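# Structure assessment
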Amino acid sequence: MKDIIIIGGGVAGLTAGMYAKRGGMDTLLFEKMFVGGQAATTYSIENYPGFVDPISGPDFAMKLESHARKFGLEILYDEVKEIVVDDKIKKVITEDKEYETKTIILAMGASPKMLGLDKEERFRGRGVSYCATCDGAFYKDKVTAVVGGGDTATEDALFLAQYASKVYLIHRRDQLRASKILQDRVLAHPKIEVLWDTVVESIIGEEQVEGISIKNLKTNTVSQLELDGFFIAIGIKPNNQLAVGKVDMTDDGFVIADETMATNVPGVFAVGDLRYKPVWQLVTAAADGAVGTLSAQRYIMENFE
Ligand code: NAP
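Residues numbered from 1 in each chain as written. Predicted model: local features only at pLDDT ≥ 70, side-chain atom pairs only at ≥ 80, totals over all residues. Heavy atoms only, no water.

### Digging into the nonpolar core
Most often, soluble globular proteins keep nonpolar side chains buried together rather than apart. Grouped together as the largest cluster of nonpolar side chains are 31 residues, with contacts concentrated most on I4, I6, V11, L14, F60, I105 and F269. Elements supplying a minimum of two residues to this core: β1 (2-7), α1 (11-22), α2 (57-70) and α6 (282-304). With 6 residues, α1 is the largest single contributor of residues to this core. Beyond its immediate chain neighbours, meaning those up to four positions away, I105 contacts I4, I5, I6, I7, A16, F269, V271, G292, T293 and A296. (Core = buried A, V, L, I, M, F, W, Y, C linked by side-chain atoms within 4.5 Å. Buried < 20%, exposed > 50% of the residue type's maximum accessible area, 1.4 Å probe, protein only. Helix = DSSP H or I, 4+ residues; strand = E, 2+ residues; numbered from the N terminus. Contact = heavy atoms within 4.5 Å.)

In C-alpha cells, the structure reads:
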C-alpha cells in the first residue's frame, strides 16, 4: 500500500511529489498526458520567484520533473479511471490495475473554457485554438483574434503578435482583468487592437475559420472580422471528472479544500488549479502542492501509526 498517490503531474502535483519523496513517503504520481500541466503550454514564465530571466513553460516543466525525480518520485503515465474514497484505505483504479493508498492528493488541474459557439468544436484545429503557445507559429503574417480580458488572453495576444500581422483582442467589457504590466504591454503594442465591449456571436467559414461575427454591446452594432486564427482564452474549468460525487465542490466544479488542502473526505487532499481559491498561479500551485503533502503526511501519522 502506498502512503500517497498523487493524481496529476502539473506544477501542484509535481511539487507535492517532490515534497513527499523528500519526506520519505512511499509515493506514486499518475499523469495521463505530459507533465507540467498548463505551465507546459505557457510561452514564457516571468513571475515565478527566483527565475530572474524568463523561462519557457516546457523548460520549467522539465526542471520541476527532474527536481521531483531527483528525490526518487515515481511517475506513471497512465490514466486513472476511478477513485474509491469511502474507507480508510483508498483505491486508485486504472484500466488494468488497482492501487491501495493511505491518502490521495487530487491535482488534476484545469483546462480552458469553451465559448459555446456553433462550429467552435468542429473548427478546433482548423482555426479555433485554446493554446496560442501551441498553435501561434502557424499564423505567421496572418490575422488573428483572441477573446478574453484576463492574464491568459493578454499573454496570448502578445505571443501571437510575434508572428501574426494583426491581433484583435476582443473583450466584453471596457476594462481588462489582466495584471497591469500585461495591460500596458498590450495597449502599447502596434499590432494589437483591442475591441472593447464586444462579444463574438458566431464563427464564419465552411471548412475552417474564415472570420467571426462580433457585436458591440454599447452600440449593438454587428460586424464581421476576417480572420485566419481565432483564439479563445476566457478562463479555466476544473478537470474534476474523477472527483464528482466523491468530494465537495463549488457550483462551478472546483474542489473545496481548506487551507491545509484537506477536502471534506478524510485522507483526500486537493491542490492546484482544481481547488477553489482566489488566485490560480504557478506560485500558488506549488505552494498548494507543498502544503497538501505535509498535511497528508500529518494525516498518516495521526491515523496509521
Ligand atoms: P480569467 O482571469 O478568469 O479571465 C477570463 C477573461 O475572459 C475575463 O476577462 C472574462 O471577462 C472573460 N470571459 C469569461 N467568460 C467569457 C465569455 N463567455 N465571453 C467572453 N469573455 C469571457 O482567466 P485566465 O485569464 O485564463 O486566468 C485564469 C487564472 O490564471 C487567473 O487567476 C490568472 O491570474 C492566472 N494566470 C496567470 C498568469 C500569469 O501570472 N502570468 C498567466 C495566465 C493565467 P470579465 O473580465 O468581464 O469577467
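### Focus: a nonpolar patch on the surface
On the surface, I256, Y276 and W280 cluster together to form a nonpolar patch covering roughly 290 Å² of accessible area. Structurally, the position occupied by Y276 is in the loop between β17 (268-270) and α6. (Patch = residues over 30% accessible without salt bridge, like charges linked within 9 Å, V, L, I, M, F, W, Y side chains within 5 Å. Areas by Shrake-Rupley, 256 points an atom, 1.4 Å probe, with all protein chains shown as cover. Salt bridge = Lys/Arg side-chain N within 4 Å of Asp/Glu carboxyl O.)

### Observations regarding the site of the ligand
Taken together, 17 residues form the shell around the ligand, and within it N47, D151, E155, R173 and R177 come nearest. Here an oxygen atom of the ligand sits 2.7 Å away from a polar atom, N or O, in the side chain of D151. In this structure, an oxygen atom belonging to the ligand sits 2.7 Å away from a side-chain N or O atom of T152. Coverage of the ligand by the protein amounts to 77% of the 910 Å² it exposes when considered alone. Built from parts of two domains, the shell around the ligand gets at least three residues from each of domain 1 (2-112 + 236-303) and domain 2 (128-232). (Near = heavy atom within 4 Å. Polar contact = N/O pair within 3.5 Å; in protein donor to acceptor, adjacent residues only side chain to side chain. Domains from an automatic or database assignment.)

### Concerning the pairing of strand β9 (residues 143-147)
Taken across its 5 residues, β9 has 4 buried, putting it largely inside the fold. Note: β9 against strand β10 (residues 166-170), 5 bridges, orientation parallel. Its bridge partner being in β10, A145 is matched across the sheet by Y168. Following the backbone out of β9, through helix α4 (residues 151-160) and into the adjacent parallel β10, one traces a crossover that is right-handed. As judged from the 4 bridges shared by β9 and strand β15 (residues 229-232), these two strands associate in the parallel manner. Residue pairing in the sheet places V146 in a bridge with F231 of β15. (Pairing = 2+ DSSP bridges. Right-handed = clockwise from strand over helix to strand, strands pointing away.)

### Regarding the environment of G9
If you trace the backbone, G9 turns up in the loop between β1 and α1. Here the alpha-carbon distance between G9 and L242, two residues 233 residues apart in the chain, equals 15 Å. Beyond its immediate chain neighbours, meaning those up to four positions away, G9 contacts L14, L29, F30, E31, V35, G36 and G37.

### Here's the deal with the pairing of strand β2 (residues 27-31)
Summarising burial for β2: 5 of the 5 residues are buried, a large majority. Here β2 shows two buried faces, one formed by T27, L29 and E31 and the other by L28 and F30. Bridge count for β1 against β2 is 4 bridges, and the pairing is parallel. When the sheet's bridge partners are listed, I4 is paired in β2 with T27. Assessed by its sense of winding, the connection that carries the chain from β1 through α1 to β2 is right-handed. Two strands pair when backbone bridges link them, and β2 and strand β3 (residues 74-77) are joined in this way by 4 bridges, in the parallel orientation. Paired with L28 across the two strands is E74, which belongs to β3. Between the parallel elements β2 and β3, the chain passes through α2 in a crossover that is right-handed.

### As for the domain arrangement of the protein
For the protein, the domain assignment lists domain 1 (2-112 + 236-303) and domain 2 (128-232). Placing a centre on the C-alpha atoms of domain 1 and another on those of domain 2 gives a separation of 32 Å. Counting residues at the interface gives 6 residues for domain 1, matched by 9 residues for domain 2. Interface area for domain 1 against domain 2, summed over the two sides, is near 570 Å², with a carbon-plus-sulfur share of 53%. (Buried area = accessible area lost by both parts, 1.4 Å probe.)

### Brief notes about the packing of α1 against α6
It is the contact of α1 with α6, at a shortest axis distance of 7 Å, that shows an interaxial angle of 40°. Helix-helix and strand crossings are classified by hand; for α1 and α6 the assignment is right-handed. Of α6, the residues touching α1 (which contributes V11, A12, T15, A16, Y19 and A20) are L282, A285, A286, G289, A290, T293 and L294. (Axes fitted to C-alpha atoms, helices over the stretch in contact; angles between N-to-C directions. Left-handed = near helix turned anticlockwise from the far one by under 90°.)

### Notes on a negative patch on the surface
On the surface, E206, E210, E226 and D228 cluster together to form a negatively charged patch. With respect to the element layout, E210 can be found in the loop between β12 (198-204) and β13 (211-216). The class of E210 is partly exposed, set by a relative accessible area of 43%. (Lys, Arg positive; Asp, Glu negative; His and termini not counted. Charge placed at Lys NZ, Arg CZ, Asp CG, Glu CD.)

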